[in-house]
Amino acid sequence: MEQVRERKASPEWVRVAGMSKRYGSLDALAGVEFSIRRQEILGLIGPNGAGKTTLFECMAGVLPPTAGVLFVDSQPISLTNRSRTLFYLPDAIAPWPSQTVRWALDFTMGFFGGRSDLLSDVIEGLSLTPLLMTPIGRLSKGQRKRVLLAIGLLTPQPVLLADEPFEGLDLRQSREVANILRAHALSGRTLFLSIHQIADAARICDRFILLSGGRVCGEGTLEELSSLARSRGAPASTLEEVFLALT
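Residues numbered from 1 in each chain as written. Predicted model: local features only at pLDDT ≥ 70, side-chain atom pairs only at ≥ 80, totals over all residues. Heavy atoms only, no water.

1. Thoughts on the packing of helix 4 (residues 141-154) against helix 5 (residues 171-186)
We count it as follows: Each axis is a line fitted through C-alpha atoms, and for a helix only the stretch in contact is used; angles between axes span 0 to 180 degrees, taken between their N-to-C directions. Each helix is a run of DSSP H or I of at least 4 residues and each strand a run of E of at least 2, with the numbering of both proceeding from the N terminus. Oblique is the label for any angle not covered by the other classes, which are roughly parallel (under 35 degrees), roughly antiparallel (over 145) and roughly perpendicular (65 to 115). Residue contacts are defined here by distance: any two heavy atoms, one from each residue, within 4.5 Å place the two residues in contact. Under the scheme applied, nonpolar residues are Ala, Val, Leu, Ile, Met, Phe, Trp, Tyr, Cys and Pro; charged residues are Asp, Glu, Lys and Arg; polar residues are all the others, including Gly.
For the pair helix 4 and helix 5, interaxial distance at closest approach is 12 Å and the crossing angle is 0°. One finds that helix 4 runs roughly parallel with respect to helix 5. For the pair formed by helix 4 and helix 5, the contact residues are Arg146, Leu149 and Leu153 on the first element and Gln173, Val177, Ile180, Leu181 and His184 on the second. Taken together, the residues that form the contact of helix 4 with helix 5 break down as five nonpolar, two polar and one charged.

2. A short note on the layout of surface pockets
Gaps between atoms show up when a probe of the same size as a water molecule is rolled over them. Inclusion rule: The method works on a 1 Å grid over the protein atoms by themselves. A cavity is a set of points holding a 1.4 Å probe that cannot get out, a pocket is an open set with protein on both sides within 12 Å along at least five of seven lines, and residues with an atom within 4 Å of a point line them. Grid points are joined across faces, edges and corners, and a volume is the space filled by probe spheres set on the points.
By volume, the largest pocket is sized at about 160 Å³. Contributing to the lining of the largest pocket are Ala28, Asn48, Gly49, Ala50, Gly51, Lys52, Thr53, Thr54, Asp163, Glu164 and Ser194. For the lining of the largest pocket, the element with the highest residue contribution is helix 1 (residues 52-60), accounting for three residues. Across the lining of the largest pocket, the residue classes break down as two nonpolar, six polar and three charged.

3. Let's talk about unusual backbone geometry
Worth spelling out the cut-off: Think of it in three bands: with a 1.4 Å probe and only protein chains considered, a residue is buried below 20% of the maximum accessible area for its type, exposed above 50%, and partly exposed in between.
The phi torsion at Gln39 lies on the positive side, around 60°, for a residue other than glycine. Tracing the chain through its elements places Gln39 in the loop between strand 2 (26-37) and strand 3 (41-45). Of the residues examined, Gln39 reaches a relative accessible area of 34% and is grouped as partly exposed. Notably, Asp73 is not glycine yet its phi reads approximately 50°, a positive angle.

4. Some thoughts on the sheet that holds strand 3
Put simply, the rule reads: Strands were regarded as paired on the criterion that DSSP finds at least two bridges between them.
Here we have six strands laid out as an open sheet, ordered 6-7-8-3-9-10, and mixed in their pairing. At either margin of the open sheet sits one strand with a lone partner, and together these are strand 6 (86-89) and strand 10 (215-220). Averaged over all pairs of adjacent strands, the angle between strand axes in this sheet comes to 15°, irrespective of strand direction. Direction of pairing for strand 7 (residues 159-163) relative to strand 8 (residues 190-195): parallel, over a ladder of five bridges. The residue of strand 8 that forms the bridge with Ala162 is Leu193. Strand contacts of helix 4: strand 6 and strand 7, with the helix running at about 175° to strand 6, the strand carrying the most contacts.

5. Quick word on the pattern of salt bridges
Selection criterion: We count a salt bridge whenever a side-chain nitrogen from Lys or Arg sits within 4 Å of a carboxyl oxygen from Asp or Glu.
Applying the stated rule across the entire model yields nine salt bridges. We note a salt bridge from Asp91 to Lys145, for which the minimum N-O separation is 2.8 Å. Pair noted here: Asp91 is in the loop between strand 6 and helix 2 (101-111) and Lys145 is in helix 4, with a separation of 54 residues, a long-range link. For Asp91, a relative accessible area of 25% puts it in the partly exposed group. In this structure Lys145 comes out as buried when scored by relative accessible area, which is 6%. The partner of Arg207 in a salt bridge is Glu219, and the shortest N-O contact between them spans 3.1 Å. A residue pair is termed long-range when its members are at least 10 positions apart, and Arg207 in strand 9 (residues 207-212) and Glu219 in strand 10 qualify at 12 residues. One salt-bridge network, in which partners are shared between bridges, spans Glu40, Arg207 and Glu219.

Next up, the structure:
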């Protein structure tokens, strides 16, 4: 499969500066800083408990950070205005369980101002046609994940934050999802994906943010991170080797 990270993304567009989240004496996030470029697929890589979901929630304004600023085009964006730029798609949720998949997609189009020009391609790309009249509460984990991704991809915000988009998918479904995510990035969408499985991240992402213990341990392309690992005396060529060397 062609590697998405070979495509060059444009310079810094969204910047997270000094983002922290403290619970008592626990730092869930500690001075997190990185940038997002237009039309890139940026991977947030880290083990369970690294702070990935907390970071997404703080960026999206769902969870107020203890400190930190989010900039878009060098301008600070308030918590209340972030929904104009960012759409956050959480993991493991089952919205509207009694409603059909078709209803959920139609609701997305109406309530969120979804892109009707993408509807057919999203349904086809995620193999949702046989599921359209099925209540969401009756879907399997993988089916529900594909419906949630469809909702996220149809929203109009230029940046989509998706928490674990490959969770619950088999190999074939993961490849289909990777293909449609790539297509959306190439058509202008910017994707920031939290990914637990390093193989999935290596296949789809242009650049990576390595997060461990609430701190950023590295940011860049695989080549840039490999160079950073070598500079610290830890030769690494694969994303797995890089992650182990830098975190």
